[in-house]
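The lines below spell out each chain.
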Amino acid sequence: MGKTKPFLIAKREVWEGYKRVRANRGAAGVDGQTIEEFEKDLSNNLYKLWNRMSSGSYFPAPVRRVEIPKPDGRHRPLGILTVADRTGQMVAKRYLEPLFEPHFHPDSYGYRPGKSAIEAVGTARRRCWQYNWVIDLDIKSFFDEIDHELMLAMVRRHTDCKWVLLYIERWLRVPVRMPDGSQIERGKGTPQGSVISPLLANLFLHYVFDKWMQTEFATVPFERYADDVICHCVSEKQAKFVLGAIGRRMAEFKLQLHPEKTQIVYCKDNRRKGSYPNESFDFLGYTFRPRLSMNKKGERFVGFSPAVSNKALKAIRQTIRSWNLTRRTRETLEDFARMYNPTIRGWINYYGSYYKSALYRTLWHLDRVLSRWARRKYKRLSGGQRRAQHWLKRIIRREPGMFVHWQFAYAWARR
């Protein structure tokens, strides 16, 4: 008879965890092993992971650090785990999520089953009509500053499962392998990009912010998506008081509000008089600000509304540029539609949910790129941009469903 494992982890759980990891894809970790390479010896790889996790001999590999460019020219650090470590974290996440979820606040929207970013935007939109003032919170380097001991203490409130607590501690403390090959030991923080980080971050801010707000400021509604937080206040005086209290609360848990990015905003519309230095804020890819709108009677008014942010539009244009369409003259319009419609549909479904006309110009930009592609592909269109644009317009009229944005961005294509 074999020795009994100290930790009871079902083999089925490791398999289910791996299926989730495979569906999410992702790059290789420090071992260079891709999903495809992991699957070449799948049964053996999963058995080894289960055996190590069950026996207590599992130690995660260092996290590979990559720098993701941000629209403002800076970079966001991302941690890439090995396939085996992502699978191990998914096993723990599947165990913990049902324990945490019933306790989470209904206005915590990030990385939760049945919740979404667009739902958070819609709730913020409605509350900006109801409340005159907003506190736009930015927690400075939140994921890098999470205190490990505080984090573990919060997890222990919900479980005493020894293998979960052991491996969360190991995942939190695992070193980071930098792009230059150097290795950095970590005494705080949890890497953005890891499977379990969003769940742990939600638990941390549940106790630091959500639960505290419910007790201390029950009349101040908020929307939180991970570390992006918006609070709604009835007056500037209340906003200043609440912001000061939040700053002190964050300091108690070794966190700091970003002094330049955190702001109090006046939700100005045609009912609210006066002015304030800050009358707009960004939240989850949308910019909230005064906008000219039309009611059901056809009357124009100024409302405080969200629309796709300039930062998001710039990111979309950068993505279109990365496709290098004008150089790919061997492919057809149908090829491009098949390859990029899923991405375009994602943009429309998300950024077209509110004030959709703000998205039109960027989608028209894609068609200008397609016109330039047509000039290079077809000699008869090389005479000028206008000729290529008329050619593309005829195709839009004839086949308005080829690209998903054509019926969205052209009124005449919807007829």
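Structure's up top.
Considered as a void within the structure, the second largest pocket measures approximately 290 Å³ in volume. In terms of lining residues, the second largest pocket is bounded by 16 residues, among which Arg-125, Trp-129, Ser-293, Phe-301 and Ser-305 are the most central. Here the lining of the second largest pocket is composed, by residue class, of eight nonpolar, five polar and three charged.

One open sheet holds the four strands; their spatial order is β6-β7-β3-β8, and the pairing between them is antiparallel. Two strands lie at the open edges of the sheet, namely β6 (222-225) and β8 (263-266), each paired on one side alone. Between one strand and the next, the sheet's axes are offset by a mean angle of 15°, whatever the strand orientation. Of the pairings in the sheet, the one linking strand β3 (residues 133-138) to strand β7 (residues 228-233) comprises six bridges and is antiparallel in character. By the bridge assignment, Asp-136 is partnered in β7 with Ile-230. In the packing of helix α5 (residues 117-130) onto the sheet, contacts are made with β3, β6 and β7, and the angle to β6 comes to roughly 160°.

Further remarks concern helix α9 (residues 197-216). When the terminal C-alpha atoms of α9 are compared, their 27 Å separation across 20 residues agrees well with the 28 Å that a helix rising 1.5 Å per residue should span. Most pronounced at His-206, the bend in α9 amounts to some 50°.

What follows deals with unusual backbone geometry. Positioned with a positive phi, Tyr-111 is a non-glycine residue whose angle comes to about 55°. Positionally, Tyr-111 belongs in the loop between α4 (83-100) and α5. The backbone of Ala-226 sits at a positive phi, close to 55°, despite the residue not being glycine. Take Ala-226: it is sitting in the loop between β6 and β7.

What follows covers the side chain of Ser-197. Along the chain, the position of Ser-197 falls in helix α9. Looking at Ser-197, its side chain comes within polar contact range of the side chain of Ser-194, at 2.5 Å. With residues near it in sequence (within four places) discarded, Ser-197 still touches Phe-143, Thr-190 and Pro-191.

Overall, mixed pairing links the four strands, which are arranged β2-β1-β4-β5 in an open sheet. The strands lining the two open edges of the sheet, one partner per strand, are β2 (75-80) and β5 (183-184). Inspection of the sheet shows strand β1 (residues 63-69) paired to strand β4 (residues 176-177) by two bridges, in the parallel sense. Along β4, the bridge assignment pairs Arg-64 with Arg-177.

Trp-163, Ile-168, Cys-231 and Ile-246 are the most contacted members of the largest nonpolar core, which has 70 residues in total. Take this core: its biggest share by element is eleven residues, from α9. What Trp-163 contacts, discounting residues up to four positions off in sequence, is Phe-7, Leu-8, Ile-9, Met-53, Val-91, Ala-92 and Tyr-95. Counting 54 residues, the second-largest nonpolar core is a separate cluster that includes Val-121, Cys-128, Ile-320 and Leu-325.

Let us now look at the packing of aromatic side chains. Overall, the coordinates contain 34 aromatic pairs when judged by the stated rule. Judged by centre distance (5.5 Å) and plane angle (50°), the ring pair of Tyr-111 and Tyr-225 falls under tilted. With Tyr-111 in the loop between α4 and α5 and Tyr-225 in strand β6, this residue pair connects regions lying 114 residues apart in the sequence. Note on Tyr-111: relative accessible area 48%, which makes it partly exposed.

What counts as what
- Residues numbered from 1 in each chain as written.
- Predicted model: local features only at pLDDT ≥ 70, side-chain atom pairs only at ≥ 80, totals over all residues.
- Heavy atoms only, no water.
- 1 Å grid on protein atoms, 1.4 Å probe; cavity = no way out; pocket = protein on both sides within 12 Å on 5 of 7 lines; lining within 4 Å.
- Points joined across faces, edges and corners; volume = space filled by probe spheres on them.
- Nonpolar A, V, L, I, M, F, W, Y, C, P; charged D, E, K, R; others polar.
- Pairing = 2+ DSSP bridges.
- Helix = DSSP H or I, 4+ residues; strand = E, 2+ residues; numbered from the N terminus.
- Axes fitted to C-alpha atoms, helices over the stretch in contact; angles between N-to-C directions.
- Contact = heavy atoms within 4.5 Å.
- Expected span 1.5 Å × (residues − 1).
- Bend = angle between axes of the 7 residues up to and from the residue.
- Polar contact = N/O pair within 3.5 Å; in protein donor to acceptor, adjacent residues only side chain to side chain.
- Core = buried A, V, L, I, M, F, W, Y, C linked by side-chain atoms within 4.5 Å.
- Buried < 20%, exposed > 50% of the residue type's maximum accessible area, 1.4 Å probe, protein only.
- Phe/Tyr/Trp six-rings, centres within 6.5 Å; stacked < 30°, edge-to-face > 60°.

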